[in-house]
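Reading the structure
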Amino acid sequence: MERTPPHPEVSEFDLQQVLEALVDPVRRSIVTQLDAAGHDLACGTFDMPVSKSTATHHFKVLREAGLIRQYYVGTSRMNALRRTEMDHAFPGLLDALTSRQAVGP
């Protein structure tokens, strides 16, 4: 049995689905934590104020939207931000989301 869950191809990315995935603050936090880390992270390493089952749901929503890729290393489910693919499909979207610059008047 294949342990790697299915992921959409870049040609299947849907802007509405991506934006709906990013509307939730927990999911935005997952994306920004992955971006800040600069490397793949295991599910259990994220700082999230939700239960494990709720976190699993958030990861699934992000994966199905194409924002993250999930794979296993041993028993750990790893998460990778699909920045290159997202930048190709929706240029500037992740930059706007993960910008650390303060917006001033």
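Refer to the structure above for everything that follows.
In this text, all values refer to a predicted model and were calculated from it rather than measured experimentally. (Residues numbered from 1 in each chain as written. Predicted model: local features only at pLDDT ≥ 70, side-chain atom pairs only at ≥ 80, totals over all residues. Heavy atoms only, no water.)

As a further point, take the sheet that holds strand 1 (residues 41-42). Spatially, three strands are ordered 1-3-2 in an open sheet, and the strand pairing comes out antiparallel. The outermost strands of the open sheet, each flanked by one partner alone, are strand 1 and strand 2 (68-73). Inspection of the sheet shows strand 1 paired to strand 3 (residues 76-81) by two bridges, in the antiparallel sense. Opposite Ala42, over in strand 3, you have Met78 as the bridge partner. The strands touched by helix 2 (residues 25-37) are strand 1, strand 2 and strand 3; relative to strand 3, the strand with the most contacts, the crossing angle is about 80°. (Pairing = 2+ DSSP bridges. Helix = DSSP H or I, 4+ residues; strand = E, 2+ residues; numbered from the N terminus. Contact = heavy atoms within 4.5 Å. Axes fitted to C-alpha atoms, helices over the stretch in contact; angles between N-to-C directions.)

In this structure, Ile30 and Leu67 are the most contacted members of the largest nonpolar core, which totals 20 residues. Elements that contribute at least two residues to this core include exactly helix 1 (15-22), helix 2 and helix 3 (52-65). If we skip the residues at most four places from it in the chain, Leu67 touches Val18, Ala21, Leu22, Leu62, Ala80, Leu81, Arg82, Met86 and Leu94. (Core = buried A, V, L, I, M, F, W, Y, C linked by side-chain atoms within 4.5 Å. Buried < 20%, exposed > 50% of the residue type's maximum accessible area, 1.4 Å probe, protein only.)

The next point concerns the environment of Thr32. With respect to the helices, strands and loops of the structure, Thr32 is situated in helix 2. Taking relative accessible area as the criterion, Thr32 reaches 28% and is therefore assigned partly exposed. Sequence separation of Thr32 and Leu81 is 49 residues, and the distance between their C-alpha atoms is 9.2 Å. For Thr32, the residues in contact, after removing those within four places along its chain, are Leu97 and Thr98.

Inspection of the sheet shows strand 2 paired to strand 3 by six bridges, in the antiparallel sense. Among the inter-strand pairings, Tyr71 is bridged to a residue of strand 3, identified as Met78. Once strand 2 ends, the chain turns through two residues before running back antiparallel as strand 3, passing Gly74 with a positive phi of about 65°.

Once the charged atoms of two side chains with opposite charge are near each other, the side chains can pair. For the structure on display, the rule yields five salt bridges. Here Asp87 and Arg83 are joined by a salt bridge, their closest N and O atoms 3.5 Å apart. Highlighted residues: Asp87 and Arg83, both in helix 4 (residues 83-89), separated by four residues, approximately one helical turn. Across the pair Arg83 and Asp95 runs a salt bridge, and its minimum N-O distance is 3.0 Å. Placement of Arg83 in helix 4 and of Asp95 in helix 5 (residues 93-98) is noted, with a sequence separation of twelve residues between them. The structure contains a network of salt bridges with shared partners spanning Asp35, Arg83, Asp87 and Asp95. (Salt bridge = Lys/Arg side-chain N within 4 Å of Asp/Glu carboxyl O.)

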